[in-house]
Structures are given as C-alpha cells and as structure tokens.
Amino acid sequence: VDLPNTQDLLPVYTSPTIVNNNYVQLIFWLWLAGLLIFSIIRLINAVKFHQLLKKNSRIGKLNIDSGVLIKNCSWIKGPMISGLFKPTVYIPIDFENRYNTLQQKLILEHELMHAKRLDLWAQLLFELFRICFWFNPLVHLANSKFQLDQELSCDYQVLKKTDTQTRIEYGKAMKNNLSAVLSPHALNFFYHKHERFIMLSKHKSNKITTLSGLVFGLVVAYPVFSQTSISLEEKSVETHGTVVSYE
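Small disclaimer: the values here were computed from a predicted structure and weren't measured.

We now examine the nonpolar core. Proteins that are soluble and globular tend to have nonpolar side chains buried together. If you look at the biggest cluster of nonpolar residues, it comprises 14 residues, and the most contacted ones within it are Ile81, Val89, Ile91, Phe95 and Leu108. Elements supplying a minimum of two residues to this core: β5 (88-92) and α4 (101-116). With four residues, α4 is the single largest residue contributor to this core. The residues touching Val89, leaving out its near neighbours within four places in the chain, are Val68, Leu69, Ile70, Lys71, Met80, Ile81, Leu108, Glu111 and Leu112. Counting residues in each nonpolar core, the second largest holds seven residues, with Phe49, Leu53, Met80 and Ala186 among its members.

Structure, rendered in structure tokens:
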C-alpha cells in the first residue's frame, strides 16, 4: 500500500501581515499631534494663569495655623486655592468686608479641605487623562462632573457636624458672588453653585457619585484601549486561496 506523502497533508501558510498597518500608523500620528497641541495649550494657559496670580497677589492679614499660605489678590472676585507643592489660598481684597466672621471661617475651611484631600493633584491626573483622550468629547464633559464631585465632597466635610444655621450662612456665602475663575490649575469656592445649593438641603455623602464617576471614566476609556489592541494584534494569513483571520 502506497502511503501518501505527509508533506501534502500539511497546510501551507504564508507569512502573517498586519492588516491596515498604514491606517493604524496614521491614527497614531494624528493622536500624537493632538496630544502635543493640547499639552502646549494647557501649558501656556497654566503659565499665564500663575503669572497673573503672582503679579496681583500679596500676603494678607489673615493667617491660619495650617501650613497653607493665604494671599490677597486683586485679580479674582472669589476665594480659590492653587499650587501643587505649596498650596496657597487666594482671597479677594474685600474678603473681610464682604463676609462675616463665620462665613470667612467656613470658606477658608472649604479651601483648606481641598489641600488636605490633595484635590489639586487629583485634578492634575485628570488633566493628563484629558490630554491622552483629547479626541473623546465625553472625557471633557466628565471634567465638569469631576470638579463638582470635589466641591460637593469638601462641602460635606466642612458641614457634616454643623447645624442648620451654619449651613444657611454657608449658602449665603456662596450666593454673595456670581462669578468664578475657572481654571484646571485652581479650585474656586463659587464653582457649581447651583448644584451645591441643592446638596446643601440634602447634605448627604456623595460616595455613590464618586464611584459612578470612576466607573464612567473606565467605560469611556475601555473602548479606546480595546479597539487599539485589536487593530494592532489582528493579522491575516492565506492558505490555499482562503483568507484566515486570527489573533
């Protein structure tokens, strides 16, 4: 009995080739270009922002034993905190005349809570996340919710052991100013006032909101990573004229 040649039974494979390699490279360079442009814009804005703060600020009379410096600033209309390594609270020049003693205390506690919780560092990490995913509008929309969550959390920490009258004074302090300096390099006391007014009446912890924000960020990022992984790993081979795709 003549046995068939075993070589004839083995399929013949050609060398795997990457599908749409040029397309993947084009997407990568477009993403990198956007990342660089977005980074440069953010860096320029940060430099201008801190130059304005430095130019229009001076050490004020108020002083709190917290290790955080307090400065008066003629450029801003509401209290804010800025600075990663040396957090500084900036207050408007009429701060002591505009707010009563209790309101001043609550506002400063709110800003100092940002420093204690390292919220500015968390904001920096989110900015890096935005830069990496500059092409995704959902990430930029999530930034506002992220800052709102930080503000609500500080509100809760400041007010969790206070009475109703103190919360009323806190609300009056927020109502006392209608503007806010919006910047990724600082956290302003008057940001997201409408939502915070609502939460003042409820005054509950926002751990669910925090968890929801984290899940939302992961859901936003997952499709991008998974699609990139598939594009880079998917290859095709030919065997006897039939195209076979595998990972």
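By the bridge criterion, three bridges tie strand β2 (residues 57-59) to strand β3 (residues 69-73) in an arrangement that is antiparallel. When the sheet's bridge partners are listed, Ser57 is paired in β3 with Cys73. Pairing geometry for β3 and β5, over five bridges, is parallel. Residue pairing across strands places Leu69 opposite Thr88, the latter belonging to β5.

With that settled, consider the packing of aromatic side chains. In total, this model carries ten aromatic pairs according to the counting rule given. Note on Phe126 and Phe129: the rings are 6.0 Å apart at their centroids and 40° apart in plane angle, and the pair reads as tilted. Taken together, the positions of Phe126 and Phe129, both in helix α5 (residues 119-132) and three residues apart, correspond to about one turn of that helix. Among the residues examined, Phe129 registers a relative accessible area of 26% and is labelled partly exposed.

Averaged over every residue, the pLDDT of the protein is 76; residues scoring 70 or more account for 63%. Counted against residues more than four places away or in other chains, residues 178-182, with its pLDDT under 50, gives twelve contacts. Low confidence marks residues 228-247, where pLDDT is under 50. Its contacts with residues over four positions away, or in another chain, come to 38 contacts.

Basis of the calculations
Residues numbered from 1 in each chain as written. Predicted model: local features only at pLDDT ≥ 70, side-chain atom pairs only at ≥ 80, totals over all residues. Heavy atoms only, no water. Core = buried A, V, L, I, M, F, W, Y, C linked by side-chain atoms within 4.5 Å. Buried < 20%, exposed > 50% of the residue type's maximum accessible area, 1.4 Å probe, protein only. Helix = DSSP H or I, 4+ residues; strand = E, 2+ residues; numbered from the N terminus. Contact = heavy atoms within 4.5 Å. Pairing = 2+ DSSP bridges. Phe/Tyr/Trp six-rings, centres within 6.5 Å; stacked < 30°, edge-to-face > 60°. pLDDT = per-residue confidence, 0-100.

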